[in-house]
Amino acid sequence: MIPAGFDYVRAGSSEEAVALLAEYGDDAKLLAGGMSLLPLMKLRLAVPAVLVDVGRVEDLSYVRDGGDHVAIGALTCHRDLETSELLAAECGVLRSVAAEVGDNQVRHRGTIGGSVAHGDPASDLPAVLLALDATFVAQGPAGSRDIASDAFFEGFLETALAPDELLTEIRVPKTGAGGFAYEKFNRRAQDWAIVGALVTRVGDATNVALVNMGTTPLRARGVEAALVSGATASDAAALAADGTEPSGDLNASPEYREHLARVLVRRAIEAVSG
Amino acid sequence: MSVNGGAQDHDVEPRTLLVQYLRENCGLTGTKVGCDTSSCGACTVLADGESVKSCTMLAVQADGAAITTIEGLAPGAELHPVQQAFHEHHGLQCGYCTAGMVMAVVGFLDENPNPTEREVRLGIEGNLCRCTGYQNIVDAVLAAAAAKSGVSS
Ligand SMILES: Cc1cc2nc3c(=O)[nH]c(=O)nc-3n(C[C@H](O)[C@H](O)[C@H](O)COP(=O)(O)OP(=O)(O)OC[C@H]3O[C@@H](n4cnc5c(N)ncnc54)[C@H](O)[C@@H]3O)c2cc1C
Ligand code: FES
Ligand code: FES
């Protein structure tokens, strides 16, 4: 399977990428690691006329101490997150979940920015960033803007990024090395989650995020509120599927996904409490 | 780009996949296409030392990179230690997955020279084998790791 023909241009910097997007308009698509886009192009579900390759914009590949947060360049690959000592110490949850994405080959190429911009509700990192209340930095023709994570994921494969914007940085709070549990349920080792449940605990706050329980990653606000008012793990987790609309597919029916969400959230709450 | 240490220079369409480039332009047919959907790992090669699935990478993305394929592991008569270990531990049956499996293992042992059995299983999660049941592959990887650390220590 070979993609339909397209023109290929390589951007050397983020400014150049934004200029190329402006030049080619709706016909263009950014290419980062290609781990989501190329499979879609091979199936001809995506047929961009122009690919703007940002894979070599090296000044967007970093994990840096930003004072009260950790700043991550959008082109940082999963492998670099997985092996980052700064993340291990300051935001262990992101390091640990990055190690669960796909397989080694996928982690060598796939980037955090591509994962986020793709907007797939079955992806792991978007749910982590939602639970962490991360901030996304987008660069467009008019300059740079910050987008809060609860305003970022808009629908299935849809985000708040405009077609002429490049995601440049992701900022996560310093949550320390531990205080989290991720329950990823899948059938084959390298696969996406059929359902995933992430629980983080920082001080008194417990945040709960769900993977693949709707068209976007979701916060389980009902569970969070129940925990604040002192509910047990199982009473709180019973609310995990409330308000969700999971899809049905070959792997699972919507009802089975709802069941998984309740069980996985309970396990994750127990794991962070234990 | 450089392939197995030698320069390769061709003009290709942007949509040419790296695996296609290696097989059709460079004539290196050791690298296989199994699933063509990024799942099976049969097409694994090393790009600048890191394992990648060459069915999910454009040749133009590898422009300027150093690619290593199965043909480049053992230029002489002697097998690469990972190949030797697969041979000794019966890490293959039909052999279709083997080129990709060996390349994934070479890349993995470079990153993790002394893995546990569990780490080996996770290290090859991107490679599917329909014949061996994996046990002999895992044995071969552990043996190759032991042989390597024996040599270097
Ligand atoms: C076999 C396999 C297994 C996988 N398993 C998992 C898994 O278990 N969990 C999981 O979460 N993911 C999984 N993935 C997906 C993987 O995480 C991808 O790395 C990621 O989804 C996309 O990152 P990328 O850099 O490859 O993006 P690309 O494929 O290059 O791009 C994806 C989309 O994002 C856009 N884009 C990329 N970068 C930017 C940017 N900086 N600004 C704006 N738009 C941008 C592109 O235009 C495109 O639309 C798997 C992939 C494969 C092939
Ligand atoms: S052929 Fe590339 S992963 Fe199967
Ligand atoms: S030896 Fe036949 S697929 Fe692995």
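The coordinates are above.
What comes next concerns the included structure. Just so we're clear, the structure is a prediction, and the values are computed from it rather than from any experiment.

Every α-helical turn comprises 3.6 residues, leaving residues that sit three or four positions apart pointing alike. Residues and elements named next belong to chain A. For helix α1 (residues 14–24), every residue scored as buried is listed here: S14, A17, V18, L20 and L21. End-on, the buried residues of α1 take up no more than an arc of 160 degrees, which puts them together on one face. Turned more than 90 degrees away from the buried face of α1 sit E15 and E23, all of them exposed. Structurally, α1 contributes buried residues whose contacts are with β1 (7–10), β2 (28–31), β3 (50–53), β6 (135–140) and β10 (166–173).

Looking at where M35 of chain A falls in the secondary structure, it is placed in the loop between β2 and α2 (37–42). As for M35 of chain A and G119 of chain A, which are separated by 84 residues in sequence, their C-alpha atoms are 13 Å apart. Each residue touching M35 of chain A, except ones within four places of it in the same chain, is listed here: V106, R109 and G110 of chain A together with T56 of chain B.

What follows covers the site of ligand 1. If you check the shell around ligand 1, you find 31 residues, and the closest are L30, M35, S36, T111 and D124 of chain A. Residues close to ligand 1 are split across chains A and B. Residue A32 of chain A places a main-chain N or O atom 2.8 Å away from an oxygen atom belonging to ligand 1. In the model, a nitrogen atom of ligand 1 is placed 3.4 Å from a nitrogen or oxygen of the W192 of chain A side chain. Mapped by element, the contributors of at least two residues to the shell around ligand 1 are β2, α7 (112–118) and β10 of chain A. When residues of the shell around ligand 1 are assigned to their parent elements, the largest contribution, four residues, is made by α7 of chain A.

Quick notes on the rules
Residues numbered from 1 in each chain as written. Chains lettered and ligands numbered in written order. Predicted model: local features only at pLDDT ≥ 70, side-chain atom pairs only at ≥ 80, totals over all residues. Heavy atoms only, no water. Buried < 20%, exposed > 50% of the residue type's maximum accessible area, 1.4 Å probe, protein only. Helix = DSSP H or I, 4+ residues; strand = E, 2+ residues; numbered from the N terminus. Arc of directions from axis to C-beta. Contact = heavy atoms within 4.5 Å. Near = heavy atom within 4 Å. Polar contact = N/O pair within 3.5 Å; in protein donor to acceptor, adjacent residues only side chain to side chain.

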